[in-house]
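# Working through the structure, step by step
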Amino acid sequence: MAAPADAAPADAASVAGVPVGPAPGSAPPACAHPAQRLHAPVLAWFEQHARDLPWRRPEAGAWGVMVSEFMLQQTPVNRVLPVYEQWMARWPRPAALAAEAPGEAVRAWGRLGYPRRALRLHGAAVAITERHGGDVPHDHAQLLALPGIGEYTAAAVASFAYGRRHPVLDTNVRRVLARAVTGVQYPPNATTAAERRLARALLPEDEATAARWAAASMELGALVCTARGEDCARCPIARACAWRLAGKPAHEGPPRRGQTYAGTDRQVRGKLLAVLREAAGPVPQSALDAVWHDAVQRARALDGLVADGLVEPLDGARYRLPSA
């Protein structure tokens, strides 16, 4: 729960209606925009501590950035890295992926989880090839019009690949802003309009700086201001953090959603897909039946995979990854 308004320092300013207090015992220059108290230290920290990730290198290009954004959704970097490297070696351009069957994208996705992302990325590659001559568009609206791309991914690709000025609100950024600016431990379960207004208000005016800020604030949330525990001793904005200044009040919002997996339909779907990924051709029903003991749950999971377009049923009770 945020500190009450009368608990803010007397000279605190606000961004999008949210108090942003000065560092204890010091006051910023009168001409400084309150957001600048966050920009300079976070950008300087990022300069020193940014991880050397392949999708951040110039040779990755916009396609490499897009692939990474699809893979990194709800998946940690250490799991993404080997799959990303194999993917980019095989499909260095959207047209290379578009030329293959969508089932090959599902196969190459491996055990990253949420395999519908592979189908969506394949669909985006097809659209990029057909509509944009094989080049990932730089315009936010054109990115948003691609299949499988939502507001976050469009903003991330425009910002990280092309240096455009867009608020990029992933879970890490939302958590940093919730703590540093809003004064609460965790953001809401779903992104709110208030969070979007705050993120826009915090964007530096300069496009290149705004893109750098987007990456830096995301990295801060991934490495320092994490969900499992904040490391204030390493945080470049700890002295200005509204949540820390308020005494780190405990989370009082809706319960945070856990990530259960064992025994769920997700686990069964993963086991069924593993059989199909490892097979050179169609798989008989009996091979799928062997991977899970509960026939009702197994049938439900298989039906879901078929409905999602991840599995293609064939005559004779056989199944394969999608061919078209």
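Residues numbered from 1 in each chain as written. Predicted model: local features only at pLDDT ≥ 70, side-chain atom pairs only at ≥ 80, totals over all residues. Heavy atoms only, no water.

### Some thoughts on the packing of aromatic side chains
Under the definition given, this model contains three aromatic pairs. Here the aromatic rings of Trp-87 and Trp-91 are separated by 4.6 Å at their centres, their planes lie at 75°, and the arrangement is edge-to-face. Under the relative-accessibility criterion, Trp-87 is labelled buried at 1%. Between Trp-87 and Trp-109, the ring centres sit 5.8 Å apart and the planes meet at 80°, which makes this aromatic pair edge-to-face. In this pair, Trp-87 sits in helix H3 (residues 77-90) while Trp-109 sits in helix H5 (residues 102-109), placing the two residues 22 residues apart along the sequence. (Phe/Tyr/Trp six-rings, centres within 6.5 Å; stacked < 30°, edge-to-face > 60°. Buried < 20%, exposed > 50% of the residue type's maximum accessible area, 1.4 Å probe, protein only. Helix = DSSP H or I, 4+ residues; strand = E, 2+ residues; numbered from the N terminus.)

### Quick word on the packing of helix H2 (residues 61-72) against helix H8 (residues 151-162)
As a packed pair, H2 and H8 sit with axes 9 Å apart at the nearest point and diverge in direction by 145°. The chirality of how H2 crosses H8 is right-handed. The segment H2 lies against H8, with Ala-62, Val-65, Met-66, Glu-69 and Phe-70 engaging Tyr-152, Thr-153, Ala-156, Val-157, Phe-160, Ala-161 and Tyr-162. Split into classes, the residues belonging to the contact of H2 with H8 amount to 10 nonpolar, one polar and one charged. (Axes fitted to C-alpha atoms, helices over the stretch in contact; angles between N-to-C directions. Left-handed = near helix turned anticlockwise from the far one by under 90°. Contact = heavy atoms within 4.5 Å. Nonpolar A, V, L, I, M, F, W, Y, C, P; charged D, E, K, R; others polar.)

### Remarks on the sheet that holds strand S4 (residues 312-314)
Strands pair in a sheet through their backbones, by hydrogen bonds, and they do so in one of two ways: parallel or antiparallel. Ordered in space as S3-S5-S4, the three strands form an open sheet in which the pairing is antiparallel. In the strand order of this sheet, the two ends are held by strand S3 (283-284) and S4, each with one partner. Examined bridge by bridge, S4 and strand S5 (residues 318-320) share three bridges and lie antiparallel to one another. In the sheet register, Pro-313 faces S5, and the bridge partner there is Tyr-319. (Pairing = 2+ DSSP bridges.)

### Here we look at the environment of Val-42
Mapped onto the elements of the fold, Val-42 is located in helix H1 (residues 36-49). Beyond its immediate sequence surroundings of up to four residues, Val-42 is in contact with Trp-213, Ala-216, Ser-217, Leu-220, Pro-236 and Ile-237.

### A look at the environment of Cys-225
Secondary-structure assignment places Cys-225 in the loop between helix H11 (207-223) and helix H12 (242-245). Distance from Cys-225 to Arg-179, taken between C-alpha atoms, is 8.7 Å for residues 46 residues apart in sequence. Among all residues touching Cys-225, those that are not within four sequence positions of it are Arg-175, Val-176, Arg-179, Leu-220 and Glu-230.

### Here we look at the nonpolar core
In this structure, Trp-63, Met-66, Met-71, Trp-87 and Leu-121 are the most contacted members of the largest nonpolar core, which totals 50 residues. Among the secondary structure elements, those contributing two or more residues to this core are H2, H3, H5, helix H6 (116-131), H8, helix H13 (265-278) and helix H15 (295-307). Tallying contributions element by element places H2 first for this core, with seven residues. If sequence neighbours within four positions are ignored, Met-66 has contacts with Leu-121, Ile-128, Val-136, Leu-143, Leu-146, Ile-149 and Val-157. Of all hydrophobic cores here, the second largest spans 30 residues; its members include Ala-156, Val-176, Cys-235 and Ile-237. (Core = buried A, V, L, I, M, F, W, Y, C linked by side-chain atoms within 4.5 Å.)

### Some thoughts on the environment of Leu-43
Relative to the helices and strands, Leu-43 resides in helix H1. For Leu-43, a relative accessible area of 18% puts it in the buried group. Residues Leu-43 and Arg-212 lie 169 residues apart in sequence; the distance between their C-alpha atoms is 7.2 Å. Sequence-distant contacts of Leu-43, defined by excluding residues within four places in its chain, comprise Thr-209, Arg-212, Trp-213 and Ala-216.

### Focus on the pattern of salt bridges
Scanning the entire structure with this criterion turns up 17 salt bridges. A salt bridge links Arg-269 to Asp-308; the shortest N-O distance between them is 2.9 Å. Linking Arg-269 in helix H13 with Asp-308 in the loop between H15 and S4, this pair joins segments that are 39 residues apart in sequence. Given the relative accessible area of 26%, Asp-308 is considered partly exposed. Salt bridges sharing common partners tie together Arg-90, Glu-100, Glu-104 and Arg-107. (Salt bridge = Lys/Arg side-chain N within 4 Å of Asp/Glu carboxyl O.)

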